[in-house]
Amino acid sequence: MSDRALPIRTDAQVVSNESASGANLRLVLRVPGFPGFEPGQFAMLSPGACTGVDRSDPLLPRPMAIYRARGDEIEVVYKVVGRGTGLLSQVRPGERVRVVGPLGLGFGEPGPGERAILVAGGTGIASVYELAARLAGRFDVVVLLGARTRDDLMGRDDFAGLDVRLEIASEDGSEGIEGLVTALLEDELDAGGPARVYACGPTAMMRAAADLAASRGVACVVSLENTMACGFGVCLGCAAPLADGGSALVCRDGPVFDANILRWDALA
Amino acid sequence: MSDRALPIRTDAQVVSNESASGANLRLVLRVPGFPGFEPGQFAMLSPGACTGVDRSDPLLPRPMAIYRARGDEIEVVYKVVGRGTGLLSQVRPGERVRVVGPLGLGFGEPGPGERAILVAGGTGIASVYELAARLAGRFDVVVLLGARTRDDLMGRDDFAGLDVRLEIASEDGSEGIEGLVTALLEDELDAGGPARVYACGPTAMMRAAADLAASRGVACVVSLENTMACGFGVCLGCAAPLADGGSALVCRDGPVFDANILRWDALA
Amino acid sequence: MSVDTGVDLAGIPLRNPVLTASGTFGYGSEFAPFLDLRRIGGFVAKSLTLEPRVGNLPPRIAEAPSGMLNAISLENVGVDAFVREKLPALPEGVVVIASVFETEIDRYAEVCKRLAGVGRVAGIEINASCPHVKSGGIEFGQDPAVLAQLVRAARRAVQVPMLVKLSPNVTDIAAMARVCEGEGADGISLINAVQALEVDVERRRPVLANGLGGLSGPAIRPIALRMVWQAAQAVKLPICGIGGITSAEDAVKFLLCGASAVQVGTSNYLDPAIAGEIADGIAAYAERCGFARVSDLVGALESGTG
Amino acid sequence: MSVDTGVDLAGIPLRNPVLTASGTFGYGSEFAPFLDLRRIGGFVAKSLTLEPRVGNLPPRIAEAPSGMLNAISLENVGVDAFVREKLPALPEGVVVIASVFETEIDRYAEVCKRLAGVGRVAGIEINASCPHVKSGGIEFGQDPAVLAQLVRAARRAVQVPMLVKLSPNVTDIAAMARVCEGEGADGISLINAVQALEVDVERRRPVLANGLGGLSGPAIRPIALRMVWQAAQAVKLPICGIGGITSAEDAVKFLLCGASAVQVGTSNYLDPAIAGEIADGIAAYAERCGFARVSDLVGALESGTG
Ligand SMILES: Cc1cc2nc3c(=O)[nH]c(=O)nc-3n(C[C@H](O)[C@H](O)[C@H](O)COP(=O)(O)OP(=O)(O)OC[C@H]3O[C@@H](n4cnc5c(N)ncnc54)[C@H](O)[C@@H]3O)c2cc1C
Ligand SMILES: Cc1cc2nc3c(=O)[nH]c(=O)nc-3n(C[C@H](O)[C@H](O)[C@H](O)COP(=O)(O)OP(=O)(O)OC[C@H]3O[C@@H](n4cnc5c(N)ncnc54)[C@H](O)[C@@H]3O)c2cc1C
Ligand SMILES: Cc1cc2nc3c(=O)[nH]c(=O)nc-3n(C[C@H](O)[C@H](O)[C@H](O)COP(=O)(O)O)c2cc1C
Ligand SMILES: Cc1cc2nc3c(=O)[nH]c(=O)nc-3n(C[C@H](O)[C@H](O)[C@H](O)COP(=O)(O)O)c2cc1C
Ligand code: FES
Ligand code: FES
């Protein structure tokens, strides 16, 4: 586990907010005093407070992975799935978005000589880009991305620019192999050798990845995307049930967890 | 009283929404099937439904005078005073705004040979432009506009382009005489002769205008700006108390009323 | 639409489960320019008193977060003018439910008698959210004993299907529902507006001239859903669900919780055509989810929860 | 700021009237990165039970119009860990009010005893919005007789100033306030979250795993203001106003209605520094309106209304 930088709360200025592929957008925010972040950490963004008109619906901030950062500029890649992301998609340069972060604990690094297998799907892809970027060159890194169709793929070109092996699966075959990303994972694992799996995406995908890794005796960590209200451990709303009967807070103890400790059947 | 055209409800398309003077903006909407309107009529606009993201706060539509119309394009001139007008100021061309209108009963015309004295202040100016435009040339029309300062003045140049006598009062003297518009009205009334006063603006201003007119035995109608929920006579929220102890609905029986029938001390 | 949208509400057959709520739909004809009234199941007219009444001084309404407050009081044209002028103005085939409120039980009964035998009145809704003078201004619907007296008296005066509209300002909505069932109501409607207060910090007084008002709109929807669900667990009476409905999905939530029909209220102000769109949307939802009848949605919330 | 911002809440001197609400501020130190805890009057810690507790299965929270639902249940570290680990972690000069909830009255009393004599605890808030097992799950705060027993038992166990936090799910909040006054509470806090239900129309089940949840946020503010005003009319007890406060103006509304102090809840999630801004804003409002003391705002709502 990486030790965490103290989070800050600020009204960040929108530098740009442009559509990437499909329903995905790329938001760049200037966050004065941003302390940096570990791959896998996230921030809470308040789209309700975007437009400068005080409004209480939708009320809650939205958790978004920090895609990457340059100095005090952070980048978020997000998909419009509902009201909060819909509002976020409308903010214009110069406007302000409330940001609280960086939050949570990141992915750790692989052990010496371990191959890093990053498997991500849907909005989960945004959570693993920085991990791939920081491990690239220093470890043997394989990035397996899955999406429904080519357009849904987040950050495809960014990954392609890294010193990593990139493989893609799309359910409609419009990019890479036709099928699920877990099929790619299975091949990777069959290749054998010491490895560590990093999974982020829909719960079903992460569960399948965890099962595959377990069956090969390979360590697997997953990054959960629970609904959150606060993001820093006080509302207790994001709890993930643990195999031992207890529960952990996704925002504070995660979002990254060792797949083995989770009670998968009860994950919302 | 003018007989009313049946109102319609439509998702109007924003043609333009540009800042006029000061905190005032000019919104042009395409309203297919717009049946035309009488001066003094208004429409209910739903800024909460502006941005395409369904949102329930602020909830209620906002009443706005129809400034003028060309075919199925209607124009609204509004001042940003709070959340609803704040949201309205952010809608962009191509976006949609829900419109219900035309609503209410307009100003009538002056009697034969009567001079039309239009006295308006603040956002009330927007309610009298079309009246001035339609009476211009056919009647002797005097338009008296009041504002806190020059920038607040709505549609100054539009009025200047009409065949009417235009006089202006500003509290800080930045435009026209320094003082209240009611001072201009007093001079006009002292000029004598058959006349009819049309007043729209802050309640205090309308009440003063009504008192001045009454003291000279001149007829005076006022256009009230009560808070409204529906705009078409069903919520009973806009009631104005009458001198006879009853009450009238500003949206249905007004917004234009003969000043004498109102119970001014109880007007909100 | 291959889906059967018809429902029965307490003995009133409706072409679809979407009614509009009393006080938010006037006397019906106000909506004619915007909506073919035959597109919806029917409407509940503004509550009627024995004589015509004038309401409170302004301000009578105020905005609230995702809602609005109102204090209109008893303003209405009176039962006789309703029967004489308002009903005849409505096109054939429009289902009308009359709503009744008063300050004394015998006056309630008298209004009901004046509506007896009036052909256009398909049903009567007894609005129990009215301050009861005798019990010091607490609402009829807030005291089980008073509510029982009211329902009993009304039942004697009403031959058509009778709904009792419950106040949400109570500890135990299930108990109030049981009272209605025990006294022979044909169904219950809930919820009415929630008692609330908004303050003007500049004038340092309540925004409404009346002080307190009723909160309505989306803000109260989760409270209304809870109460409809609790009432549905407690009684067999048909339920008409009300509270913050803005879309077909919202309406479906009430049906799933056990409501046989719904009433759209405040949303009519925002969009006078919305009730028709909600009716269409419910049918579309049923079709998409493979329900042959909209009535199959009633109470279809997965149990063992809540 | 020339204004005197200090207030006394039921015997607890506060540097300003802004507290943060139980369950929305953790155990305090979680907010240290965002807010100097000395900028606010103090905070009410997450409610404590005798033993540590794990809460409900997810989903535990859901969004609602201008609000949110939660069903966290009793999850907390337990009273002993609070005293041993959480309190010492807080800087000097931070006013801490401990909150207590349990499922049985004697367990409430036992938790209070464990807090007795703990130096850092400036006051205790008894959370009466907890389901009472013996009375079949209805909240302690919903039955005057049960509430009286609870307050009486707690009063015996508590030496420091004791607030009783009332449930809003009642017919008559004034009656509940009187019970607290009669049983010797030093003050009352209201309101807790309003019982509510949100439904997932795709899965056709409640959104929350627990089914019902508590509605909080701006949506309930007009209801909370009404209840605080009603309670203030009924009792002399100091009142701590809670419900949907998002700004200094919102807080001022509660003071005007008769609250001696306020608690900010859900808003802390949106903006962890907001309580400090609200405290500053109240002082600015008082100054702008010519009040020498913030305490002069308490109950300053123009009377004859409501
Ligand atoms: C730690 C963390 C990091 C995240 N990082 C990213 C990111 O980098 N990019 C990105 O696009 N999204 C990310 N998400 C997901 C994102 O938070 C949600 O998509 C967002 O909150 C949806 O808000 P909304 O108002 O648009 O949708 P809502 O209106 O709240 O919901 C609309 C629909 O979206 C779906 N939805 C709601 N919440 C989530 C969720 N948490 N995950 C997936 N679907 C959801 C629901 O099924 C719902 O039907 C992350 C979530 C977490 C917890
Ligand atoms: C028939 C009619 C016609 C109108 N025509 C116009 C017009 O052409 N142009 C225009 O700019 N405005 C017009 N108004 C006023 C306009 O409706 C309000 O300014 C608007 O509703 C304020 O909404 P808001 O959400 O921005 O402000 P809110 O957030 O609702 O209120 C913010 C502040 O604005 C003030 N305010 C609220 N309602 C009104 C009101 N009705 N009148 C004046 N001040 C108000 C309040 O004092 C409040 O403090 C008209 C009103 C009526 C009834
Ligand atoms: C302005 C207004 C007036 C109302 N008048 C009545 C009434 O006369 N009789 C009644 O039973 N309910 C009345 N109601 C309550 C509504 O019928 C409905 O129960 C309540 O508003 C909740 O539904 P909603 O959230 O969809 O508006 C009124 C509501 C509003 C907003
Ligand atoms: C997630 C969550 C957890 C809560 N936990 C508690 C609690 O443990 N004890 C308590 O007395 N109130 C609890 N509350 C209620 C709040 O303290 C407060 O009374 C309520 O949320 C209304 O205030 P608000 O609208 O400002 O949030 C909780 C509220 C929320 C949203
Ligand atoms: S989101 Fe609030 S505790 Fe995790
Ligand atoms: S605004 Fe609804 S009746 Fe006038």
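Predicted, not measured: the structure shown is a model, and the values here were computed from it. (Residues numbered from 1 in each chain as written. Chains lettered and ligands numbered in written order. Predicted model: local features only at pLDDT ≥ 70, side-chain atom pairs only at ≥ 80, totals over all residues. Heavy atoms only, no water.)

**Remarks on the overall build of chain C**
Here is step 1: Each helix and strand counted, chain C has eight helices and 16 strands in total.
Here is step 2: Here the C-alpha atoms of chain C give a radius of gyration of 18 Å, agreeing with the 19 Å that 2.2 N^0.38 yields for 306 residues.
Here is step 3: Dimensions of chain C along its principal axes, counting C-alpha atoms only, are 50 × 50 × 40 Å.
Here is step 4: For chain C, the proportion of its 306 residues judged to be buried stands at 66%.
Here is step 5: Within chain C, counting contacts between residues at least 6 apart in sequence, those at least 24 apart form 69% of the total.
Here is step 6: In chain C, the 27 positive side-chain charges and the 32 negative ones have mean positions that sit 4 Å from each other. (Helix = DSSP H or I, 4+ residues; strand = E, 2+ residues; numbered from the N terminus. Rg over C-alpha atoms; globule rule 2.2 N^0.38 Å. Buried < 20%, exposed > 50% of the residue type's maximum accessible area, 1.4 Å probe, protein only. Contact = heavy atoms within 4.5 Å. Lys, Arg positive; Asp, Glu negative; His and termini not counted. Charge placed at Lys NZ, Arg CZ, Asp CG, Glu CD.)

**A word on the overall build of chain A**
Here is step 1: Within chain A, the regular secondary structure consists of five helices and 16 strands.
Here is step 2: Computed over C-alpha atoms, the radius of gyration of chain A comes to 18 Å, within 12% of the 18 Å expected from 2.2 N^0.38 for 268 residues, which places it in the range of a compact globule.
Here is step 3: When its C-alpha atoms are laid out on the principal axes, chain A stretches across 55 × 40 × 30 Å.
Here is step 4: Among the 268 residues that make up chain A, the fraction classed as buried is 59%.
Here is step 5: When the accessible surface of chain A is summed, it comes to about 9,700 Å², and 48% of that surface belongs to carbon and sulfur atoms.
Here is step 6: In chain A, which carries 25 positive and 34 negative side-chain charges, the distance between the mean positions of the two groups comes to 6 Å. (Areas by Shrake-Rupley, 256 points an atom, 1.4 Å probe, with all protein chains shown as cover.)

**A look at the sheet that holds strand E5 (residues 68–70) of chain A**
Residues and elements named next belong to chain A.
Here is step 1: Here we have seven strands laid out as an open sheet, ordered E4-E3-E7-E1-E2-E6-E5, and antiparallel in their pairing. Two strands close off the open sheet at either side, each with one partner strand: strand E4 (62–65) and E5. In this sheet, neighbouring strand axes are inclined to one another by 35° on average, regardless of whether the strands run parallel or antiparallel.
Here is step 2: Of the strand pairs in this sheet, E5 and strand E6 (residues 73–79) are connected by three bridges, and their pairing is antiparallel. Of the residues in E6, the one forming a bridge with Arg70 is Glu73. (Pairing = 2+ DSSP bridges. Axes fitted to C-alpha atoms, helices over the stretch in contact; angles between N-to-C directions.)

**A few points about the interface of chain C and chain D**
Here is step 1: Counting from both sides, the interface comprises 48 residues of chain C and, opposite them, 47 residues of chain D.
Here is step 2: Between chain C and chain D lies a buried interface of about 4,100 Å² when both sides are counted; carbon and sulfur atoms form 61% of it.
Here is step 3: Broken down residue by residue, the surface that chain C buries against chain D is led by Thr171, Leu197 and Arg204 of chain C, which jointly contribute 16%.
Here is step 4: Counting across the chain C and chain D interface gives six salt bridges.
Here is step 5: A salt bridge links Arg205 of chain D to Glu302 of chain C; the shortest N-O distance between them is 3.2 Å.
Here is step 6: Counting the contacts that link chain C with chain D gives 20 residue pairs in polar contact (both at pLDDT 80 or more).
Here is step 7: For the side of chain C that touches chain D, the leading source of residues is helix H5 (residues 221–234) of chain C, giving seven residues.
Here is step 8: Partitioned by chemical class, the residues of the side of chain C that touches chain D number 27 nonpolar, ten polar and eleven charged. (Buried area = accessible area lost by both parts, 1.4 Å probe. Salt bridge = Lys/Arg side-chain N within 4 Å of Asp/Glu carboxyl O. Polar contact = N/O pair within 3.5 Å; in protein donor to acceptor, adjacent residues only side chain to side chain. Nonpolar A, V, L, I, M, F, W, Y, C, P; charged D, E, K, R; others polar.)

**Here we look at the pairing of strand E10 (residues 165–170) of chain B**
Here is step 1: Here strand E9 (residues 141–147) of chain B pairs with E10 of chain B via six bridges, running parallel. Counted as the bridge partner of Leu144 of chain B is Glu167 of chain B from E10 of chain B.

**Focus on the site of ligand 4**
Here is step 1: In the region of ligand 4, 21 residues are neighbours, and Ser22, Ser47, Lys165, Gly244 and Thr266 of chain D sit closest.
Here is step 2: More than one chain reaches ligand 4: its neighbouring residues belong to chains A and D.
Here is step 3: Side-chain polar atom of Asn127 of chain D to an oxygen atom of ligand 4: 3.1 Å apart, as the coordinates give it.
Here is step 4: Protein burial of ligand 4: of its 600 Å² of free accessible surface, 97% is covered by the chains.
Here is step 5: Broken down by class, the residue content of the shell around ligand 4 amounts to seven nonpolar, twelve polar and two charged. (Near = heavy atom within 4 Å.)

**Digging into the environment of Ala148 of chain D**
Residues and elements named next belong to chain D.
Here is step 1: As for its placement among the helices and strands, Ala148 is situated in helix H3 (residues 144–157).
Here is step 2: Distance from Ala148 to Cys180, taken between C-alpha atoms, is 6.9 Å for residues 32 residues apart in sequence.
Here is step 3: If we ignore the near neighbours within four places in the chain, the residues touching Ala148 are Val179 and Glu183.

**Side note on the confidence of the model for chain C**
Here is step 1: Scored by pLDDT, chain C has a mean of 95; 98% of the residues are at 70 or more.
Here is step 2: Reported confidences for the modelled complex are a pTM of 0.96 and an ipTM of 0.96. (pLDDT = per-residue confidence, 0-100.)

**Describing the pattern of salt bridges**
Here is step 1: Per the counting criterion, the structure on display carries 91 salt bridges over all chains.
Here is step 2: Here Glu75 of chain A ties to Arg26 of chain A by a salt bridge, and the two come within 2.4 Å at their closest N and O atoms. Residue Glu75 of chain A is found in strand E6, and its partner Arg26 of chain A is found in strand E2 (residues 24–30); the two are separated by 49 residues along the sequence.
Here is step 3: Using a relative accessible area of 4% as the deciding quantity, one classes Glu75 of chain A as buried.
Here is step 4: Overall, Arg26 of chain A belongs to the partly exposed group, its relative accessible area being 22%.
Here is step 5: Among the ionic contacts, a cluster of salt bridges with common partners joins Arg9, Asp11 and Arg98 of chain A together with Asp271 and Glu277 of chain D.

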